[in-house]
Amino acid sequence: MHNSTLCYITRGNDVLMLHRVKKKNDVNRDKWIGIGGKFEGDETPDECLLREAKEETGLTLTAWRCRGVVTFLTNGPWDGEYMYLFTADGFEGTLKECDEGDLQWVSREFLSRLPQWEGDRIFLELLWQDAPFFLLKLRYEGEKLAEAVLNGKKIR
């Protein structure tokens, strides 16, 4: 199991999304996801968040909060992970090209029509509902969501 961050940067009703189309052998290939990545060295969740945001977008986050922890379990070739889920609504700087995919501001309503992981739809809904801090377990079999457990209660 490794640790990672995922962040949804918002601007009004729009969300900055990363369309993963540039990396070879990318587990997220063609999906629309937030920005983030794996911890490096002794990084804390917020240090990883700020580094990844700067690396992937060129933006410096000035206001963010941790919204929950998502545990990913899989029977596939990928390791499980603990993902610290953030939203950010304050930033400065200029958006830059990302070497992992194409960055695009997308309205929340349109976002649900784009290719995403099934589990992402669950935690995005929680974020948009401004749910209190949550723990979510997502177990995948290949690319199919086999189980979802929210705060200890099975929801799928």
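Structure shown above.
Not measured: the values here are computed from a predicted model.

A. Spatial organisation of the pattern of salt bridges. Going through the model one piece at a time under the given rule, you end up with eleven salt bridges. When the shortest N-O distance is used, the salt bridge between Glu-52 and Arg-51 registers 3.2 Å. On the basis of relative accessible area, Glu-52 is assigned to the buried category, the value being 7%. For the salt bridge of Arg-51 with Glu-55, the shortest nitrogen-to-oxygen distance reads 3.2 Å. Separated by four residues within a single helix, Arg-51 and Glu-55 lie in helix 1 (residues 45–57), roughly one turn from each other.

B. Representation of the pairing of strand 1 (residues 2–11). Within strand 1, eight of the ten residues are buried, leaving the element largely enclosed by the surrounding structure. As paired strands, strand 1 and strand 6 (residues 81–92) are joined by eight bridges and run parallel to one another. Within strand 6, the residue paired with Ser-4 across the bridge is Met-83. Where strand 1 lies against strand 4 (residues 35–38), four bridges are found, and the strand directions are antiparallel. In the strand pairing of strand 4, Ser-4 is matched with Lys-38. Inspection of the sheet shows strand 1 paired to strand 2 (residues 14–19) by three bridges, in the antiparallel sense. The residue of strand 2 that forms the bridge with Ile-9 is Leu-16. Hairpin connection, strand 1 to strand 2: the antiparallel pair is bridged by two residues, and Gly-12 has positive phi, about 65°.

C. Structural context of the packing of aromatic side chains. Applying the stated criterion across every chain yields a total of six aromatic pairs. An angle of 55° between the planes, with centres 6.4 Å apart, marks the rings of Tyr-8 and Phe-123 as tilted. Of the two residues, Tyr-8 is situated in strand 1 and Phe-123 in helix 3 (residues 118–128); the sequence distance between them amounts to 115 residues. A relative accessible area of 0% places Phe-123 in the buried class. An aromatic cluster of three or more residues is present, and its members are Tyr-8, Phe-123 and Trp-128.

D. Representation of the side chain of Glu-43. Examined against the element boundaries, Glu-43 turns out to sit in the loop between strand 4 and helix 1. Residue classification places Glu-43 among the buried positions, given a relative accessible area of 16%.

E. Local environment of the nonpolar core. The biggest cluster of nonpolar side chains holds 26 residues, and the ones touching the most others in it are Tyr-8, Val-70, Leu-85, Phe-123, Phe-134, Leu-136 and Leu-138. Elements with a contribution of two residues or more to this core: strand 1, strand 2, strand 5 (60–74), strand 6, helix 3, strand 8 (134–141) and strand 9 (144–150). Top contributing element to this core by residue count: helix 3, with five residues. Contacts of Phe-134, omitting those with residues within four sequence positions, involve Arg-67, Gly-68, Val-69, Leu-85, Phe-123, Leu-126, Leu-127, Leu-150 and Asn-151. Leu-16, Ile-35, Leu-61 and Cys-98 belong to the second-largest nonpolar core, a separate cluster that totals 14 residues.

How each quantity is defined
- Per-chain numbering applies: the sequence of each chain, read as written, is numbered from 1 onward.
- Per-residue local features of the predicted model are confined to residues with pLDDT of at least 70, and side-chain atom pairs are confined, for both listing and counting, to 80 or more; whole-chain, interface and lining totals are unaffected and use all residues.
- Here the side-chain values reflect all heavy atoms present in the structure, with hydrogen atoms and water set aside.
- Salt bridges are defined by distance alone: a side-chain nitrogen of Lys or Arg within 4 Å of a carboxyl oxygen of Asp or Glu.
- Each residue gets one of three labels from its accessible area relative to the maximum for its type: buried under 20%, exposed over 50%, partly exposed in between, using a 1.4 Å probe on protein chains only.
- By definition, any uninterrupted DSSP run of H or I lasting at least four residues is a helix, any uninterrupted run of E lasting at least two residues is a strand, and each is numbered from the N terminus.
- At least two DSSP bridges between two strands are required for those strands to pair.
- Stacked, edge-to-face and tilted are the three classes for Phe, Tyr and Trp ring pairs, Trp counted by its six-membered ring, which pair at centre distances within 6.5 Å; planes under 30 degrees apart are stacked, over 60 edge-to-face, the rest tilted.
- What makes a nonpolar core is a set of buried Ala, Val, Leu, Ile, Met, Phe, Trp, Tyr and Cys residues whose side-chain atoms join them at distances within 4.5 Å.
- Contacts were defined at the residue level, with two residues in contact if any of their heavy atoms lie within 4.5 Å.

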